[in-house]
Amino acid sequence: MRRVPVKREDRPAIFYKTNGVCHVCGRKLTFDDYGGGWVVDHVEPHHRRGISSWPNYLPACVVCNGLRWSYRPETIQRILRLGVIANLAGFHSKNSKVGEKIREMYRERLVKNRLRTLNLTGDKRKREKALLKARLADLDKRVIKRRQGSDKWWDAALDQVLAKDTDLKAAYDEVMRHV
Ligand SMILES: [Zn+2]
């Protein structure tokens, strides 16, 4: 998404409009991490009469800004509805075939996004793709295993698996940074 440059001196006023949290997901942002962790989001997209002035600006994670893109509100709501359904099937229910498929599609999407930013070609790209796919599939298996016989939610199990393996945690965080 095209990001409109915002004057440095306007950034604090925008940042503190939400008390420094992403207006999309609510994640706590770090002011000094401008450009890397957060950006100024056009609440109403530029091309749909969104004005380029600070009443129309809110802070957002780089990831949320990319995911929100410039969809219409109706589309965002559909995305959220679908997301709620997919999240229940894929990350809450246990032993769901549809859920398995959803997680596989989710991993494929993460790999695709990561590869796009890596800009590799030929065999290098193939190798990296295979590596990322295998790593994420392995992580999935480990999280599933951790949830077996417990009432753990997906995220709690994921945190536990990642806490035991710092290399995996770094690789996972890296993949999740891309939209
Ligand atoms: Zn966010």
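Note that the structure is predicted; figures quoted are calculated from it, not measured.

What counts and how
- Residues numbered from 1 in each chain as written.
- Predicted model: local features only at pLDDT ≥ 70, side-chain atom pairs only at ≥ 80, totals over all residues.
- Helix = DSSP H or I, 4+ residues; strand = E, 2+ residues; numbered from the N terminus.
- Buried ≥ 20, exposed ≤ 12 C-beta atoms within 10 Å, placed from the backbone.
- Pairing = 2+ DSSP bridges.
- Axes fitted to C-alpha atoms, helices over the stretch in contact; angles between N-to-C directions.
- Left-handed = near helix turned anticlockwise from the far one by under 90°.
- Contact = placed C-beta atoms within 7 Å.
- Nonpolar A, V, L, I, M, F, W, Y, C, P; charged D, E, K, R; others polar.
- Domains from an automatic or database assignment.
- Parallel < 35°, antiparallel > 145°, perpendicular 65-115°, else oblique.
- Core = buried A, V, L, I, M, F, W, Y, C linked by C-beta atoms within 7 Å.
- Expected span 1.5 Å × (residues − 1).
- Bend = angle between axes of the 7 residues up to and from the residue.

## Some points on the overall build of the protein
In terms of helices and strands, the protein carries 7 helices and 2 strands. Listing every helix and strand of the protein by position from the N terminus yields α-β-β-α-α-α-α-α-α. In terms of overall dimensions, the protein has a C-alpha envelope of 50 × 40 × 30 Å along the principal axes. In the protein, which comprises 179 residues, the proportion classed as buried is 13%.

## What to know about the pairing of strand E1 (residues 38–42)
The buried fraction of E1 is high, at 5 of 5 residues. Of the pairings in the sheet, the one linking E1 to strand E2 (residues 57–61) comprises 5 bridges and is antiparallel in character. Bridged to His42 within E2 is Tyr57.

## A look at the packing of helix H4 (residues 97–118) against helix H5 (residues 122–147)
Packing of H4 against H5 leaves a shortest axis separation of 10 Å and a crossing angle of 145°. Every pair of crossing elements has a handedness; the one defined by H4 and H5 is right-handed. Between H4, through Arg103, Arg107, Leu110, Val111, Arg114, Leu115 and Leu118, and H5, the contact on the second element is made entirely by Arg125, Glu128, Lys129, Leu132, Lys133, Leu136, Ala137 and Asp140. Split into classes, the residues belonging to the contact of H4 with H5 amount to 7 nonpolar, no polar and 8 charged.

## Regarding the environment of Cys64
Here Cys64 is to be found in helix H2 (residues 62–68). For Cys64, a count of 19 C-beta atoms within 10 Å gives the class partly exposed. Put simply, Cys64 and His23 are 41 residues apart on the chain and 8.9 Å apart in space, counted from C-alpha to C-alpha. With near-sequence residues (within four places) excluded, Cys64 lies in contact with Cys22, Val24 and Cys25.

## Points about the domain arrangement of the protein
Each assigned domain of the protein is listed here: domain 1 (8–68) and domain 2 (83–176). Using C-alpha coordinates to define each centre, domain 1 is positioned 28 Å away from domain 2.

## Remarks on the environment of Val179
As for its position among the elements, Val179 is in the segment after helix H7 (166–176). Along the sequence, Val179 and Asp167 sit 12 residues apart, while their C-alpha atoms lie 21 Å from each other.

## Focus: the packing of H5 against helix H6 (residues 154–163)
Interaxial distance between H5 and H6 falls to 9 Å at its minimum, and their mutual angle equals 115°. Compared by their axis directions, H5 and H6 come out roughly perpendicular. In this structure, H5 meets H6 at a crossing whose hand is right-handed. Residues Leu139, Arg142, Val143, Arg146 and Arg147 of H5 form the contact with H6, whose participating residues are Trp154, Ala157, Leu158, Gln160 and Val161. When the residues that make up the contact of H5 with H6 are grouped by side-chain class, the tally is 6 nonpolar, 1 polar and 3 charged.

## As for the nonpolar core
If you look at the biggest cluster of nonpolar residues, it comprises 9 residues: Cys22, Leu29, Trp38, Val39, Val40, Tyr57, Ala60, Cys61 and Val62. Of all the secondary-structure elements, those providing two or more residues to this core are E1 and E2. Leave out the neighbours within four places in its chain, and Val40 touches Val6, Ile14, Tyr57 and Pro59. Counting 6 residues, the second-largest nonpolar core is a separate cluster that includes Val111, Leu136, Leu139 and Val143.

## Side note on helix H3 (residues 73–92)
Here H3 contains 20 residues, and its C-alpha end-to-end distance of 26 Å stays within 8% of the 28 Å for a straight helix at 1.5 Å per residue. At Ala86, H3 shows its largest kink, close to 25°. Counted residue by residue, H3 has 0 buried out of 20 residues, so it is predominantly exposed.

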